[in-house]
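The lines below spell out each chain.
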Amino acid sequence: MSDSVIRIVSIYPSLLGTYGDGGNVLALSHRARMHGLTTEVAEISPGQAVPRHGDLYVLGGGEDTAQVAAADALRADRGLAQAISNGASLLAICAGYQLIGEEFPDATGTPSPGVGILDIRTDRLPKRAVGELLATPSPNAPAKLTEPLTGYENHAGATHLGPDALPLAQVESGVGNGDVSEGAISGRVVGTYLHGPCLARNPQLADLLLGWVLDRDLEPLVEREVEELRAERLDYVRRSGR
Amino acid sequence: MSRKLRTRVAIRAGKLASATSRIAGKGEGMVVGGRVMLKLAPDAIADLANGRVAALVSATNGKTSTTRLLANAAEQRGPVVTAATGANMTSGVVTTLAAGPPDAMAILEVDEAYLPMVTAATKPQVILLGNLSRDQLDRMNEVAMTARKWRTMLAANPDVTVVANADDPIVTFAAEQAQHVVWVGGGQVWTADSAVCPECGTLLTRDDVQWHCTGCGRKRPETTWELRWDKGAGTAVSKSGLELDLSALQLPGRFNASNATLAVAVCEQLGFDLAESVKRMCEVTAVSGRYAVVDVGATRLRLLLAKNPAGWTELIDVMPPAPAPVIVSINSNAADGRDPSWLWDVPFERLRGRTVIASGDRRRDLAVRLLHADVDHVVIADPYAPDAPLPEQARALDVIDNAATYTAFHELRTRAQREAQP
Ligand SMILES: [Zn+2]
């Protein structure tokens, strides 16, 4: 990080942005502003080079063909992998989560190569997972994550974590990775099936990502609208399943 | 006109089921009646259509309004059967065909996913294809998948004439498969679902009017009709130099002028008098409650249906300018889509400068979205109650715009109808 501006890079929002994923970038800028920080957002289109010197990268969800196109472009470009190995942070949602792994299924179910940033492999769930997803941060997740994670999932992927990735959370309701775990975390890389979008509904996760960029913990700040939404969603899921 | 006995029996059973459903208070009963009919006579649609279907209308947004405009224009030729309620799946189509005079011309709205099936069964003269964008992704097909199904459908029905929006690259991709296409420049404000070429995946290049793909060479086809939109008034302009003034349309906004331009192109294909067609389109004031002014509780509302980001993008222009407050009602029942994540794709930032009254089952999701958009808002479960804590500016308005998702819209409409009864 330089000049106290947090450089957020939104990767291929035109390809990956199916479920309001743009909201995660908005939420990062919004939380940063609350903490008195300044952000600068770069939206990268397919064909454009991924900047090597961003602080925080965001990847959203997308349709099968878009997912394969995005993975191919990111592998060829190599900028994202380089930025991560230089210490940048990454949030990857749904299709974005799958494609930063080793492999994921394409539209026909055939394994397609991922970007290889996260030690996960994805194949198909027996049945598509659609509905509210509620998960509790797992013991190995950063201590700053204390509140339940809430969102909506809509995917057909069963994601298997290798030894270099740890589960982000344990599923309380929903499917997540398919084995009662949800998402993955490795260094400053977070992948998750939560959308909704994820960071607007889970401000602790937004603050964790921003804190990584700053190398310090951020003060907990509470917003009434967000807390009311969280309370309503948690109550809804715990009462009615999903 | 001789209908098969089987169809006639099915119609009678269907009407009975519809009536039972209506009496039981379960709405119009069209879907139930249609299902019963199709069960008893699976080829009832083909039998009832019998060469009289002039046009099918499909699109993600605006199909109900466009169908209504077109049906009004078609009445210059005599009675027209068309669904008044937007019943647009197979069951709704069969009920609509069974309800009207058996020889009347039919103008039908069809759900995007059901269009191939209904086309095969009804053999329409013209199909109007308006736009395709994300809508309730947790239950609908992917946009690109729908386009591919439309392509297959058009390849299998070479006799049909297609009137298609050249400004929507996904619609263009689907329609280019047809033998006869009339391209219309209807405009496209929402481009997020057609950022990349549906054929080769290359990012599309756009300027104000044109779009093209550097990967496979696809480009915006040359149009026969164009909408010219200037200072809030539309004109349908033909390549041959004809200009039809659409400024007297009572359905508001650029989007409805675009719907009318597409409908004019269909009228031309059907041989209607075009001046007369436009005159009749201008008589349409509200379509299944859309844009209708109604009283709900202590509030007089103009009802706006807003169910997806593309629709919203157009609708914001129709609202009175800031600081006029608006009510927004968001539900997430099955018909709305269970997942309101699409709220984050709506450019709510454009509502800045006014207070938004957030309502509906998912008013808290909306409130968080508005918070991030820097839009002043209040969350009120029932803003229509006499003692609702509405902002003062809202009380001062004669009519307040209320944009609502599908089921929220119908709740308001039903409540207004109920309260209007003496
Ligand atoms: Zn192309």
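Here is what the cut-offs are and how they apply
- Residues numbered from 1 in each chain as written.
- Chains lettered and ligands numbered in written order.
- Predicted model: local features only at pLDDT ≥ 70, side-chain atom pairs only at ≥ 80, totals over all residues.
- Heavy atoms only, no water.
- Helix = DSSP H or I, 4+ residues; strand = E, 2+ residues; numbered from the N terminus.
- Rg over C-alpha atoms; globule rule 2.2 N^0.38 Å.
- Buried < 20%, exposed > 50% of the residue type's maximum accessible area, 1.4 Å probe, protein only.
- Contact = heavy atoms within 4.5 Å.
- Areas by Shrake-Rupley, 256 points an atom, 1.4 Å probe, with all protein chains shown as cover.
- Lys, Arg positive; Asp, Glu negative; His and termini not counted.
- Charge placed at Lys NZ, Arg CZ, Asp CG, Glu CD.
- Buried area = accessible area lost by both parts, 1.4 Å probe.
- Polar contact = N/O pair within 3.5 Å; in protein donor to acceptor, adjacent residues only side chain to side chain.
- Nonpolar A, V, L, I, M, F, W, Y, C, P; charged D, E, K, R; others polar.
- Donors = N, O, S within 2.8 Å, 3.2 Å for Na, K, Ca; no water.
- Tetrahedral: all angles 85-135°; square planar, octahedral: opposite > 155°, others 65-115°.
- Pairing = 2+ DSSP bridges.
- Axes fitted to C-alpha atoms, helices over the stretch in contact; angles between N-to-C directions.
- Phe/Tyr/Trp six-rings, centres within 6.5 Å; stacked < 30°, edge-to-face > 60°.
- Lys NZ or Arg CZ within 6 Å of the ring centre and 35° of its normal.
- Expected span 1.5 Å × (residues − 1).
- Domains from an automatic or database assignment.
- Salt bridge = Lys/Arg side-chain N within 4 Å of Asp/Glu carboxyl O.

When helices and strands are tallied, chain B shows 14 helices and 17 strands. In terms of C-alpha radius of gyration, chain B reaches 21 Å, essentially the compact-globule figure of 22 Å for 422 residues. In terms of principal-axis extent, the alpha carbons of chain B reach across some 60 × 55 × 40 Å. Residue burial in chain B is summarised as follows: out of 422 residues, 59% are buried. In chain B, once contacts between residues fewer than 6 apart in sequence are set aside, the share between residues at least 24 apart is 66%. As displayed, chain B has an accessible area near 16800 Å², and 51% of this comes from carbon and sulfur atoms. For chain B, the separation between the mean place of its 46 positive charges and that of its 46 negative charges on side chains is 7 Å.

Okay, the overall build of chain A next. For chain A, the count of helices and strands is seven helices and eleven strands. For chain A, the C-alpha radius of gyration of 16 Å lies close to 18 Å, the compact-globule estimate for 242 residues. Dimensions of chain A along its principal axes, counting C-alpha atoms only, are 50 × 45 × 30 Å. The burial tally for chain A puts 57% of its 242 residues in the buried class. Relative to all contacts within chain A whose residues are 6 or more apart in sequence, the contacts with residues 24 or more apart total 70%.

Contacts between chain B and chain A engage 27 residues on the former and 31 residues on the latter. Counting each side, the surface lost to burial between chain B and chain A is near 2400 Å², with a carbon and sulfur contribution of 57%. Among the residues chain B hides against chain A, the three largest losses belong to Trp344, Arg364 and His372 of chain B. Together they make up 24% of the total. Connecting chain B to chain A are five residue pairs in polar contact (both at pLDDT 80 or more). Elements that contribute at least two residues to the side of chain B that touches chain A include exactly helix H7 (143-156) and helix H12 (363-372) of chain B. At seven residues, H12 of chain B tops the list of elements feeding residues into the side of chain B that touches chain A. Residues of the side of chain B that touches chain A, tallied by class, amount to eleven nonpolar, three polar and 13 charged.

Here the focus is unusual backbone geometry. In this structure, the amide linkage connecting Gly196 of chain A to the following residue, Pro197 of chain A, adopts the cis form with an omega of -15°. Between Ala322 of chain B and Pro323 of chain B the backbone carries a cis peptide bond, its omega angle lying at 10°. One non-glycine residue, Lys231 of chain B, lies in the positive phi region at around 50°. A relative accessible area of 79% means that Lys231 of chain B is categorised as exposed.

Moving on: the coordination of the zinc ion. Tetrahedral coordination by four donors places them ideally at 109.5 degrees to one another around the metal; octahedral coordination by six donors ideally gives 90 or 180 degrees. All names here are of chain B. With distances of 2.3 Å, the protein atoms coordinating the zinc ion are Cys197 (SG), Cys200 (SG), Cys213 (SG) and Cys216 (SG). Here the zinc ion is ringed by four donor atoms whose angles at the metal span 95 to 120°, and the overall shape comes out tetrahedral. Here the donor residues of the zinc ion are spaced in sequence according to C-x2-C-x12-C-x2-C. With a gap of 13 residues between them, Cys200 in the loop between strand S6 (180-185) and strand S7 (205-206) and Cys213 in the loop between strand S8 (211-212) and strand S9 (225-230) connect regions that are remote in the sequence.

Take the side chain of Ser329 of chain B next. Residues and elements named next belong to chain B. Take Ser329: it is sitting in strand S14 (residues 326-329). Owing to a relative accessible area of 4%, Ser329 belongs among the buried residues under this scheme. A polar contact of 3.1 Å, which involves the side chain of Ser329, links it to the side chain of Asn402. Residues in contact with Ser329, not counting those within four places in the same chain, are Ser359, Gly360, Tyr384, Asn402, Ala403, Ala404, Thr405, Ala408 and Leu412.

The next thing to look at is the sheet that holds strand S17 (residues 400-404) of chain B. Residue and element names in this part refer to chain B. Strands sit in the order S12-S13-S17-S14-S15-S16 across an open sheet of six strands; the sheet is mixed. Each edge of the sheet is formed by a strand with only one pairing partner; in this case those strands are strand S12 (293-296) and strand S16 (377-379). Averaged over neighbouring strand pairs, the angle between their axes works out to 30° when direction is ignored. Here S12 pairs with strand S13 (residues 299-305) via four bridges, running antiparallel. The residue of S13 that forms the bridge with Val296 is Thr299.

All right, on to the packing of aromatic side chains then. Inspection of every chain in the model, using the stated rule, returns two aromatic pairs over all chains. Seen from their ring centres, Tyr97 of chain A and Tyr193 of chain A are 5.0 Å apart, and the 75° between their planes marks the pair as edge-to-face. Of this pair, Tyr97 of chain A sits in helix H4 (residues 95-99) while Tyr193 of chain A sits in the loop between strand S11 (189-192) and helix H5 (198-201), and the two are 96 residues apart along the sequence. Summarising the burial analysis for this pair, Tyr97 of chain A and Tyr193 of chain A share the class buried. Its guanidinium or amino end placed over the ring of Tyr236 of chain A, Arg233 of chain A lies 4.6 Å from that ring's centre, counting from NZ or CZ. Lying over the aromatic face of Phe173 of chain B, Arg151 of chain B brings its terminal NZ or CZ to 4.3 Å of the ring centre.

A separate point is the environment of Phe104 of chain A. All names here are of chain A. Here Phe104 shows up in strand S5 (residues 103-105). Overall, Phe104 belongs to the buried group, its relative accessible area being 0%. Along the primary structure Phe104 and Ala200 are separated by 96 residues, whereas in three dimensions their C-alpha atoms are 27 Å apart. Not counting the four nearest positions on each side in its chain, Phe104 is found in contact with Gln67, Val68, Ala71, Gln98, Leu99, Thr110, Pro111, Ser112, Pro113, Gly114 and Thr122.

The next thing to look at is helix H14 (residues 406-420) of chain B. In an α-helix, one full turn covers 3.6 residues, which means residues spaced three or four apart are oriented alike. All names here are of chain B. Along its 15 residues, H14 runs 21 Å from first to last C-alpha, staying within 8% of the 21 Å computed at 1.5 Å per residue. Among all positions of H14, only Thr407, Ala408, Phe409, Leu412 and Ala416 are buried. In this fold, the buried residues of H14 make contact with S12, S13, S14 and S17.

Another point: the domain arrangement of chain B. Residue and element names in this part refer to chain B. Once the domains are mapped, chain B shows domain 1 (1-41), domain 2 (43-281) and domain 3 (293-420). For domain 1 versus domain 2, the distance between C-alpha centres works out to 28 Å. Facing the 16 residues of domain 1 at the interface are 19 residues of domain 2. For the pairing of domain 1 and domain 2, the buried interface totals around 1500 Å² over both sides, and the portion due to carbon and sulfur atoms is 64%. Taken together, the links from domain 1 to domain 2 amount to one salt bridge.

For the rest of this paragraph, the subject is the pairing of S9 of chain B. Residue and element names in this part refer to chain B. One ladder, built from two bridges, connects S6 with S9; its direction is parallel. Residue Val184 lies in a different strand from S9, and its bridge partner there is Trp225. Of the strand pairs in this sheet, S9 and strand S10 (residues 233-238) are connected by six bridges, and their pairing is antiparallel. The partner of Glu226 across the bridge, within S10, is Val237.

Bringing the side chain of Asn256 of chain B into the picture now. Residues and elements named next belong to chain B. With respect to the element layout, Asn256 can be found in helix H9 (residues 253-269). Exposure remark for Asn256: the relative accessible area of 1% places this residue in the buried category. Among the polar contacts made by the side chain of Asn256, one reaches the side chain of Asn259 at a distance of 3.2 Å. Beyond its immediate stretch of four places on either side in the chain, Asn256 contacts Ser65, Leu69, Leu249, Leu251 and Tyr291.

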